Each structure stands twice: as structure tokens, then as C-alpha cells.
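Fold and geometry: a report
Read off the chains here:
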Amino acid sequence: VSLDWFHHGEGLSSYLLYNATVETEEMVDVYAQATGLVRRVLAEEGDRVEAGRILVRLADEDLKLSEAEAQVNYRKLESQFERTKEMHTRKLISQEDFEKFRFDLEQAKIRWQRTKLALDFAAVRSPAPGVVAERMVKLGDRIGPSNKLYSIVNLSKLIAKVHVPGRELRNLSVGQTAKVTTDFLPDVN
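For every chain, the first residue of the written sequence is number 1, and numbering continues from 1 onward in sequence order. Owing to the predicted nature of the model, reporting of local features is limited to residues with pLDDT of at least 70; listing and counting of side-chain atom pairs is limited to 80 or more, with chain, interface and lining totals taken over all residues. Note that water and hydrogens are dropped before the side-chain values are worked out from all heavy atoms of the structure.

One side-chain nitrogen of Lys or Arg within 4 Å of one carboxyl oxygen of Asp or Glu is enough to make a salt bridge. Scanning all chains against the criterion turns up 12 salt bridges. In this structure, Arg-39 and Asp-60 form a salt bridge, with 2.7 Å as the shortest nitrogen-oxygen distance. Residue Arg-39 is found in strand E5 (residues 36–41), and its partner Asp-60 is found in the loop between strand E7 (54–58) and helix H1 (61–89); the two are separated by 21 residues along the sequence. For Asp-60, a relative accessible area of 7% gives the class buried. Residues Glu-82 and Lys-85 are paired through a salt bridge, measuring 3.6 Å at the closest nitrogen-oxygen approach. Of this pair, Glu-82 and Lys-85 both sit in helix H1, 3 residues apart, which is roughly one turn of that helix. The classification of residues rests on relative accessible area computed with a 1.4 Å probe and restricted to protein chains. Under 20% of the type maximum is buried, over 50% is exposed, and intermediate values are partly exposed. Its relative accessible area of 34% is what places Lys-85 among the partly exposed residues. Ionic contacts of the salt-bridge type, sharing partners, join the residues Arg-39, Asp-60, Glu-61 and Lys-64 into one network. Under the DSSP-based scheme used, a helix requires at least four consecutive residues in state H or I and a strand at least two consecutive residues in state E, with every element numbered from the N terminus.

Printed below as a string of C-alpha cells:
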């Protein structure tokens, strides 16, 4: 990062050029919530991302089949339960059998919801808006919840810390304009 301070006086403009370290007050590390093989990497260092943007996709063919199977099972039991309710109303089955059918239906719904959640976790999303500062994941990696995939910085909360030699302090004043540039984000000043 380079930092320029501008000094205006008597129609002349001058500047002091210093290197600085830019730090952020807000950085988010991104981890997967699932284990799997990385099929696609969708964000690179320097990319601006919104909260919820998919950064990585894991191989999910098996998860899709499991979710479809769980959905079909739930729909089947739901249909059977509707018939069971009618039979229970007409006192053709016992309360105990009715409760068992209802319990089986609730279990099937939970299994379906769990498979939908697992499928959703195969898409790793950005938890916050910002800029990708670091990418640690690559295509073909086998990852799990302990693997850090990205670091994302909030650009609205950056701080540049500059150490100015004492002899130059007389050329600076509070509120003076400074311009910060970086190769990391060449389009941002």
C-alpha cells in the first residue's frame, strides 16, 4: 500500500509518499459446513462478494439422490397417513396404530429436511459482504468443517497505519487529505 499526503501552499502542491500496512477491523474466515470434494471454485482473491454468494460447490450428486429419495418416502407416508386419518375417524384402526403412523410421518419429514440441509451445505456461501482477501481452497480438494477456505474483508472498515519520521510531522496537519492506493484493489482509492 502506498499513502500520499498532499500539502498545498502558495499555489504549489507537494506530497509525501509512505508505505503503510492496511488492516481491517472486520475480517471473516469462511469454512465449509460439510465434508466433500471441491467440484467448483467460484471466487478469487480480489473479487467483491455479497452475503450469500456461492464461493465453492462440493460434489453433490449423491446428496441430490438422497434428498429425492427422502422426499419420495415422505410423500408416500403423507399419502398413507391421510388414509389412516380417515380410518381412525371411522374407528377402523386403534389409537396406537394411528399414533405410530403419525410418528413415522414425522420421522420421514425430519429425514427429508436433513437431506435438504446437507444438499444446501454442498454450496459454501459467503457469510458477509466484502472482498476476498485470501483463497486457500482449490479444485479437487477434499474439505471438511475444519478447513478454512477463504478470508473476506469488509472494505468499509479499513485502517492504514503509517509511521511518519518526526522531521516530517511539521508538514502534516489533522484533517489533511491523504490518498491510499493498493495493488490488491487497483480500482479503489
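Here we come to the sheet that holds strand E10 (residues 142–143). The strand order across the open sheet built from 4 strands is E8-E7-E5-E10, with neighbouring strands paired in antiparallel fashion. This sheet does not close on itself; its edge strands, each paired only once, are strand E8 (123–125) and E10. In what follows, residue pairs with any heavy atoms lying within 4.5 Å of each other are defined as contacts. Between N-to-C directions, angles span 0 to 180 degrees; the directions come from axes that are lines fitted to C-alpha atoms, helices contributing only their stretch in contact. Packed on one face of the sheet, helix H2 (residues 95–121) meets E7 and E8 and runs near 65 degrees to E8. Paired strands, as defined in this entry, are two strands with at least two bridges between them according to DSSP.

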